[in-house]
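Here are the chains, one letter per residue:
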Amino acid sequence: MEPNFQTAAIEEAASHIRACWQSAPRVGVILGSGLGGFADQIAVETAIPYGGIPHFPQSTAVGHRGQLVCGTLAGAAVIAMQGRCHAYEGYTAAQITLPVRVMHALGVELLIVSNASGGMNPRYRRGDIVVIDDHINLMFRSPLVGPHNPPWGDRFPDMSCPYDRQLNDRALAIARRENFAAHRGVYVGVTGPNLETRAEYRFYRRVGGDVIGMSTVPEVIVAAQLGLRVLGLATVTNVCLPDALGRATAHEIIDVAASAEPRLRKIVAEIVGEFAAEAPSREVVTTTGPGL
């Protein structure tokens, strides 16, 4: 996607959302498989189907409703993606991450990404929360490939700390206080949509992975380029131990993710509340025009 076209697409999508919702969000949330119910915690002011937003990719994955939920949570204006798009659906990395650029254009400073993941670390159990400390990109693609657009940020963004360490520490502290299992771990991003073989799980574990999934990495790369703070939360939905590997179905994965949603909610609501109490770090520039 050429920069000029993508810039126009971002502005058209942002303008459409502003026409439907006049608040300027500081927090963006991406809800993964089985976690769409978290949107029920938001005091909803409007919900916008992806199909009505210019240039927005359409989610076809099981358990992804495909709408933007706009409202307030813990005192902050929040925009939440109830479902995301994936490379296995046939989208390019640039298309997958266009919603992140749109959220940034609307004023978002903090991005919270969640996902359902396979647990490769033998200490993990189904339903555990993993606070993502780092990731390994084995999708073999980047959303930054192609002509560079300087307003988006650095051509070669630093990735030494894409996940905010302070937010990670707070998330783990909340889990300890609430007495549920949460770990700090490394997320491996793969293309999918097939699950992995026993040999692949051994390989991914040996190169440093704790959990594995088919999303998140492209979104976080773009967030790093844009200078957003990022909190990544993975729900372990199936245990991937090569020597005791059982069958896993998409519906089982979604059910486990949904059962863990109350624990995820505790972390996100408190993090958002604390962030809402901070002063905005940048001025939001909005466009005006007919109907806006």
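As shown above, the structure is provided for reference.
Let me begin by describing the structure that accompanies this report.

Reading the values: the criteria
- Residues numbered from 1 in each chain as written.
- Predicted model: local features only at pLDDT ≥ 70, side-chain atom pairs only at ≥ 80, totals over all residues.
- Heavy atoms only, no water.
- Salt bridge = Lys/Arg side-chain N within 4 Å of Asp/Glu carboxyl O.
- Helix = DSSP H or I, 4+ residues; strand = E, 2+ residues; numbered from the N terminus.
- Buried < 20%, exposed > 50% of the residue type's maximum accessible area, 1.4 Å probe, protein only.
- Contact = heavy atoms within 4.5 Å.

### Re the pattern of salt bridges
Turning to step 1, where the next piece is worked out: Under the defined criterion, the tally for this structure stands at 14 salt bridges.
Turning to step 2, where the next piece is worked out: A salt bridge links Glu219 to Arg84; its shortest N-O distance comes to 2.9 Å. With Glu219 in helix α5 (residues 217-226) and Arg84 in the loop between β4 (76-82) and α2 (93-106), the pair connects residues that are 135 residues apart, well separated along the chain. Comparing Glu219 with Arg84 shows no difference in burial state: the two are buried.
Turning to step 3, where the next piece is worked out: Here Glu261 and Arg265 are joined by a salt bridge, their closest N and O atoms 2.9 Å apart. Here Arg265 and Glu261 lie together in helix α6 (residues 250-276), a separation of 4 residues that amounts to about one turn.
Turning to step 4, where the next piece is worked out: Overall, the relative accessible area of 26% leaves Arg265 in the partly exposed class.
Turning to step 5, where the next piece is worked out: What emerges from the salt-bridge pattern is a single network uniting Arg170, Arg177, Glu178, Lys266, Glu270 and Glu274.

### Observations concerning the environment of Leu98
Turning to step 1, where the next piece is worked out: Checked against the element boundaries, Leu98 lands in helix α2.
Turning to step 2, where the next piece is worked out: Between the C-alpha atoms of Leu98 and Ala13, which are 85 residues apart in sequence, the distance is 9.4 Å.
Turning to step 3, where the next piece is worked out: Non-local contacts of Leu98, meaning those with residues more than four positions away in its chain, are made with Gln6, Ala9, Ile10, His55 and Phe56.

### Things to note about unusual backbone geometry
Turning to step 1, where the next piece is worked out: With an omega dihedral of 5°, the bond running from Gly192 to Pro193 counts as a cis peptide bond.
Turning to step 2, where the next piece is worked out: Locating Pro193 in the fold gives a position in the loop between β7 (182-189) and α4 (198-206).
Turning to step 3, where the next piece is worked out: Non-glycine residue Asn179 carries a positive phi angle of around 65°.
Turning to step 4, where the next piece is worked out: The topology assignment puts Asn179 in the loop between α3 (165-178) and β7.

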